[in-house]
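So the chains spell out like this:
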Amino acid sequence: MNKPVRRIAIFCGLLVLALMLRDNWLQFVQADELKTNKHNHRVDIARYSQPRGNIIVDGQEITGSQETNGIDYKYKRTYKDGPMWAPVTGYSSQRFDSNQIEKLEDKVLTGDDDRLFFNRTVDMITGKGKKGGDVITTLNAKAQEAAFKGLGDKQGAVAALDPRTGKILALASTPSYDPSTIAGANDGAAYTALTKDKNQPMLNRALRQTYPPGSTFKVVTASAALENGLYKDVDSKTDSPLPWTLPDTAGVELKNEGNLPCKDATLREALRVSCNTVFGKVSADLGNKKMMDEAAKFGFNKPIDTPVRAVPSIFPKDNRPQNAMAGIGQASNRVTPLQMAMVAAAVANNGKLMEPYMVDKLRAPNLNVIEHHTPKEMSQPLSSEHAQMLQSIMETVVESGTGTAAKIDGVKVGGKTGTAQHGVDNSGNPYAWFISYAKTDNGSPVAVAVVIEGDDNTARDDIAGGRLAAPIAKSVMEAVLKTEK
Amino acid sequence: MSHTSNTTTISTAGAPSRRNTELALLAFAVIIPCFAYANVGLALHGEMPSGMLGYGIGLGLLAGVGHLVVRKFAKYADPLLLPLAALLNGIGLVLIWRLDQSPRLAQLAKNQGFKFVPSAPNQMLYSALGIGLFVAVVIFLKDHRILQRYTYISMAVALGLLIAPMFFPAKFGARIWITLPGLGSLQPGEFAKIVLSIFFAGYLMVKRDALALASRRFMGMYLPRGRDLGPILAVWALSILVLVFETDLGTSLLFFGMFVVMLYVATERTSWIVFGLLMSAVGAVGVASFEAHVQARVNAWLDPFGGWGKSAASEQISQALMSFGSGGVFGAGWGQGYSDLIGFAANSDFILGTVGEELGLAGVMAILLIYGLIVERGVRTALAARDPFGKLLACGLSGAFAIQVFVVAGGVMGLIPLTGMTMPFMAYGGSSVLANWALVAILIKISDTARRPAPAPAPSPDAEMTQVVRP
């Protein structure tokens, strides 16, 4: 009877061996995968087991961590001026993951980044807990405040850049939300309310919403005209009949806003009074391909990582009449406020477009800088000479055209207004646009784009960018100029 | 049986009793859990746990009593079984105490409307009762062969134990409990395991020749006669009934597996194994095709993360898998894991998850080796046993133990579909602790008989008369 007993011994050994192999598979081969599984609650528990590093603007922390008495999480994220900074910080929630900088720089903020390995090890040896690093942003607190207060209870967004470097100075979106209200483990109701709000307070309009650009797009069209040699300078007469009919249509006229002196107007005059006919014809003369190329040089048709990703602004392939309409920003081309700030910035920086960014430095808990962002040139949408011509005519717009509301004493300001119609038969409330830059002896320190979504209470004719959006742009520029000194 | 002596430790010269080895090992088996206990306290509260002294003394006393009784009543018993069982029991106590400290589990109990009761004190009581049962078996079971007399009574008792839970309400999706109002609940399946192995051993010992020899050869296999198929069919039917009416896949698998193992050992016919595997496959697939409870378990096994948020079974098995994965090779350390996220049954069926997370791959391998050692010591006892009944019984008990470990550990680690069973000695639960201590006691008795030196031949009355005549 011993032979079968021995076989049973082997069989039992095999059972244990199978368990051991399985255990090696789980705890060695698959361990990392299971550790970081999206359902693995330990990731979140670890994230909130110590105070997170902070996001910093102008040397001031705009985030914080608060000790809680929850079972799972020891600390909770808090935000100072949450609604104002939400488009920059994003949120970090114990229940709903995180987004934007909070998500992208999570490893630094929690202290898990590889570059913090030395710090971690030292802290472990000295018995201190793990600490998170800080994220130092490029934002300008005064400019942000001007932008956020300027938008007030209107729906819209502001993006401001330093044209010389691409630093993002202001990034505001309204209506906004306070990320503190959804940071905790028990904030499910608040989160649901926010996601269900039809005004979309969690939408980062400055980066994630695209709008028809309206007349502000004429700056891109003008630079396409100069770059492609369609017109040699901005002060000679253009070949612009009035009335002008859209190509390939049975006599559909492109109308101007009122009775404007647009017949054969110079580019300067056409931009000053915002002639649809002149720029529509420029776009039609250049054709879809050349317009798309120029738009792409300004950053269209691809996402932009700041590092928070901005959705692509679109200048699509289109038929001739639509392409002509796109030249005045009234077809299927769509832009983010950041994109229009980049257009203004490229012109202000003598044609050189700098890559926009908002994370300046990553700093270890011991204040060592572990990463420093260096400004990079993104492209050169127009030559320096042409850029200066465009500056000159944009300055005319502010001096004596539709953008006078943005005038600042003692500083050269260039701008362009826009009022974008949208919806079926233009039934939607129009969008008021204003893009501008200010220029001092040290080059241009600020370019800004403002968009305001009109609501039902706004009179239609009252929406023109010059009246609603330009004052906000002006106060943002002033804030930057003041801190610049 | 004639050639056993060359493979066993038996010799008339008298094997060393190895009682001192056992004592030394027992010291380790007490000290290791004490260190573990201190470790948990330091990790969780930053200080030595207040119950440390009581726990150490308690565990030491239990182990000491066990040892003394073995020294007195089973002098030649296997020296490893008691220390290994005591070590697992001690570690289990620490794990249960560690999970008692989890605010997450306390909150879970509160949310479900229960009052949170710490399990460790109960488990300590069960362990004491378990050692008590162990002591009683070692003292009062003079010879394991006595059990042979109760072959058919055992059958009746086993049937009773197996059928009884059908008349009690299902708990947590399985009908394996007998609830006695005011006294708590009992898992008769754990005891049925032992009683049934006594029946099988007694029955097979008598019938083995008929089963082994009266067969026809067909396609290279010995097919049993139709009438000899009766017993295996009956046991198969019983295990299927258990599966269907008690929705308890684990117990069903355990009994059938144990029976096939013992049948094979008794008859030395491989054909029985083939039959057994075929029948269990047919039974399992057949039942799975209409039992929703079994289907859910199988689905959770095939794709644990796929059922996240939809099926509690899937969620629990994925939590267990993440526990193992998060432990990695060396584990998080005592008291520093989050295996309490497993939630329900974290300290019973899923206790291995806590080992995996806090002690890591290294710890789980060690625990599995300890289980493996217990089984191999049991099988070794079977080899050494001099009577067929003892052989069969030891083999059946160790086989059942091995299958139980495989079924529950394999289930928790996602190797096979999860079935509700407890890790012997470690998991929380009175029935399990008591039954397994009794099991070890029987093995100890068998091994004592096996290793006991054969009585010296009686002196021949003629011895004096024989003279050696030297030339």
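Treat the numbers as computed from the prediction; the structure is a model and nothing was measured. (Residues numbered from 1 in each chain as written. Chains lettered and ligands numbered in written order. Predicted model: local features only at pLDDT ≥ 70, side-chain atom pairs only at ≥ 80, totals over all residues.)

Enquirer: If you had to explain unusual backbone geometry to someone new, which residues and values would you point to?
Expert: Residue Thr-174 of chain A is joined to Pro-175 of chain A through a cis peptide bond whose omega torsion reads -10°. By secondary structure assignment, the location of Pro-175 of chain A is in the loop between strand S7 (168-174) and helix H9 (188-196). Of the consecutive residues Leu-242 of chain A and Pro-243 of chain A, the connecting peptide bond is found in the cis state with omega at -5°. By the element assignment, Pro-243 of chain A lies in the loop between helix H11 (218-227) and strand S8 (244-245). Of note in this structure, Arg-18 of chain B is not a glycine but carries a positive phi near 65°. Structurally, the position occupied by Arg-18 of chain B is in the segment before helix H1 (19-45). The exposure class of Arg-18 of chain B is partly exposed, given the 17 C-beta atoms found within 10 Å. (Helix = DSSP H or I, 4+ residues; strand = E, 2+ residues; numbered from the N terminus. Buried ≥ 20, exposed ≤ 12 C-beta atoms within 10 Å, placed from the backbone.)

Enquirer: Mind laying out H1 of chain B, listing which residues take part and the relevant values?
Expert: Residues and elements named next belong to chain B. Over its 27 residues, H1 runs 39 Å from end to end, which matches the ideal 39 Å to within 8%, given 1.5 Å per residue. When we look at burial in H1, the residues that qualify are Glu-22, Leu-25, Leu-26, Ala-29, Val-30, Pro-33, Ala-36, Tyr-37, Val-40 and Gly-41. Those residues of H1 that are buried are in contact with helix H2 (52-73) and helix H3 (81-100). (Expected span 1.5 Å × (residues − 1). Contact = placed C-beta atoms within 7 Å.)

Enquirer: Pulling in residues and values, what's your account of the pairing of S7 of chain A?
Expert: All names here are of chain A. Counted residue by residue, S7 has seven buried out of seven residues, so it is predominantly covered. Sheet topology note: the strand S6 (residues 155-161)/S7 ladder contains six bridges and is antiparallel. Residue pairing in the sheet places Ala-159 in a bridge with Leu-171 of S7. Hairpin connection from S6 to S7: six residues lie between these consecutive antiparallel strands, with Gly-166 at a positive phi of about 90°. (Pairing = 2+ DSSP bridges.)

Enquirer: Report on the UniProt feature "domain: Penicillin binding protein A dimerisation" (unreviewed entry) in chain A, specifying residues and quantitative values.
Expert: Feature annotation in UniProt places "domain: Penicillin binding protein A dimerisation" (unreviewed entry) on residues 52-135 of chain A, given in this structure's numbering. In the segment residues 52-135 of chain A, helix accounts for 32% and strand for 20%; the C-alpha atoms at its two ends are 11 Å apart. (UniProt positions renumbered as here; feature names shortened; annotations may be inferred.)

Enquirer: Requested: an account of the nonpolar core, with residues and values cited.
Expert: Within the largest apolar cluster, 151 residues are counted, with the highest numbers of intra-cluster contacts made by Met-262, Leu-392, Cys-395, Ala-438 and Ile-444 of chain B. With 126 residues, the next largest nonpolar core counts Leu-139, Ile-168, Tyr-211 and Leu-468 of chain A among its residues. (Core = buried A, V, L, I, M, F, W, Y, C linked by C-beta atoms within 7 Å.)

Enquirer: Describe the pairing of strand S14 (residues 369-372) of chain A, and please don't skip the residues or the numbers.
Expert: Residues and elements named next belong to chain A. Strand direction decides the pairing type here: strand S13 (residues 359-363) and S14, joined by three bridges, are antiparallel. In the strand pairing of S14, Leu-362 is matched with Glu-371. Between S13 and S14, which follow one another and run antiparallel, lie five residues, and Leu-367 among them has a positive phi close to 75°.

Enquirer: Which residues make up the environment of Val-480 of chain A, and what values do they have?
Expert: All names here are of chain A. Position of Val-480 among the secondary structure elements: in helix H19 (residues 470-484). Separated by 318 residues in sequence, Val-480 and Asp-162 have C-alpha atoms that sit 9.2 Å apart. Val-480 has contacts with Asn-140, Ala-143, Ala-160, Leu-169, Pro-445 and Val-446, leaving out every residue within four places of it along the chain.

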